[in-house]
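Here are the chains, one letter per residue:
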Amino acid sequence: QVQLVESGGGLVQAGGSLRLSCAVSGSIWSIEATAWYRQTPGKQRDLVAHRTISGRTDYADSVKGRFTISRDNAKNTVDLQMNSLKPEDTAVYYCNVKTLVRSQLFNYWGQGTQVTVSS
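On a predicted model such as this, the values are computed, not experimentally measured, just so you know.

Cut-off values and rules
- Residues numbered from 1 in each chain as written.
- Predicted model: local features only at pLDDT ≥ 70, side-chain atom pairs only at ≥ 80, totals over all residues.
- Heavy atoms only, no water.
- Phe/Tyr/Trp six-rings, centres within 6.5 Å; stacked < 30°, edge-to-face > 60°.
- Helix = DSSP H or I, 4+ residues; strand = E, 2+ residues; numbered from the N terminus.
- Buried < 20%, exposed > 50% of the residue type's maximum accessible area, 1.4 Å probe, protein only.
- Lys NZ or Arg CZ within 6 Å of the ring centre and 35° of its normal.
- Disulfide = S-S within 2.5 Å.
- Core = buried A, V, L, I, M, F, W, Y, C linked by side-chain atoms within 4.5 Å.
- Salt bridge = Lys/Arg side-chain N within 4 Å of Asp/Glu carboxyl O.

Now for the packing of aromatic side chains. Within this structure, the stated rule accounts for one aromatic pair. Ring plane angle 65 degrees and centroid distance 4.9 Å describe the contact between Y37 and W109, whose orientation is recorded as edge-to-face. Within this pair, whereas Y37 is found in strand β4 (residues 31-39), its partner W109 is found in strand β10 (residues 104-109), the two being separated by 72 residues in sequence. Judged by relative accessible area, W109 falls into the partly exposed class, the value being 35%. Directly above the aromatic system of Y94 lies the positively charged group of R45, at a separation of 3.6 Å from the ring centroid.

Dropping the structure here:
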């Protein structure tokens, strides 16, 4: 089992920056990958950034060059640094962790944190 608690959302003007943090606890040893997703009302939850256990990262085209996903093993957090924010980045952001236990893949989600970018 893994527990996720997000923080760092809020209101920011276009062009500004925010840093989201996801505190991870529980069976941290079983984590295979971490990610951030976002969702707006009436739409599906979309992948924003993904990081494998080996450190490989992938980003949605819309955030490449502006967002950075990282993992702090000392603090047990998964962070998303968001720069040059645009109004279209407004969404609820969710932390996601995938674990592998006895060849089974499990998916865990945080509660979500609201990010609002004003124009």
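So, next bit.
What follows concerns unusual backbone geometry. Located in the positive-phi region is N76, a residue other than glycine, with phi close to 55 degrees. With respect to the helices, strands and loops of the structure, N76 is situated in the loop between β7 (67-72) and β8 (77-82). Look at S84: it is not a glycine, yet its phi comes out positive at around 50 degrees. Note on placement: S84 falls in the loop between β8 and β9 (91-101).

Using the criterion set out here, one finds one disulfide in the structure. At a sulfur-sulfur separation of 2.3 Å, the disulfide partner of C22 is C95. Here C22 and C95 share a disulfide; its torsion about the S-S bond, -85 degrees, makes the bridge left-handed. Here C22, found in strand β3 (residues 18-26), pairs with C95, found in strand β9; they are 73 residues apart in sequence, far enough to count as distant. C22 sits in the buried class, given a relative accessible area of 0%.

This part is about the nonpolar core. The nonpolar side chains of soluble globular proteins are, as a tendency, buried together. Counting residues in hydrophobic clusters, the biggest one holds 25 residues, and the most contacted among them are L4, W36, F67, L80, M82 and Y93. At the level of secondary structure, the elements contributing two or more residues to this core comprise β1 (2-7), β3, β4, β5 (46-52), β7, β8, β9 and β11 (113-118).

Per the counting criterion, the structure on display carries five salt bridges. Between D58 and R56 there is a salt bridge, with its nearest N and O atoms 3.4 Å apart. Residue R56 is classed as exposed on the basis of its relative accessible area, which comes to 54%. The salt bridge partner of D89 is R66, with a shortest N-O separation of 2.8 Å. Taken together, the residues span a long stretch of sequence, with D89 in the loop between β8 and β9 and R66 in the loop between β6 (57-59) and β7 at a distance of 23 residues. No difference in accessibility class separates D89 from R66, as the two residues are buried. Through salt bridges with shared partners, a single network forms among R38, R66 and D89.

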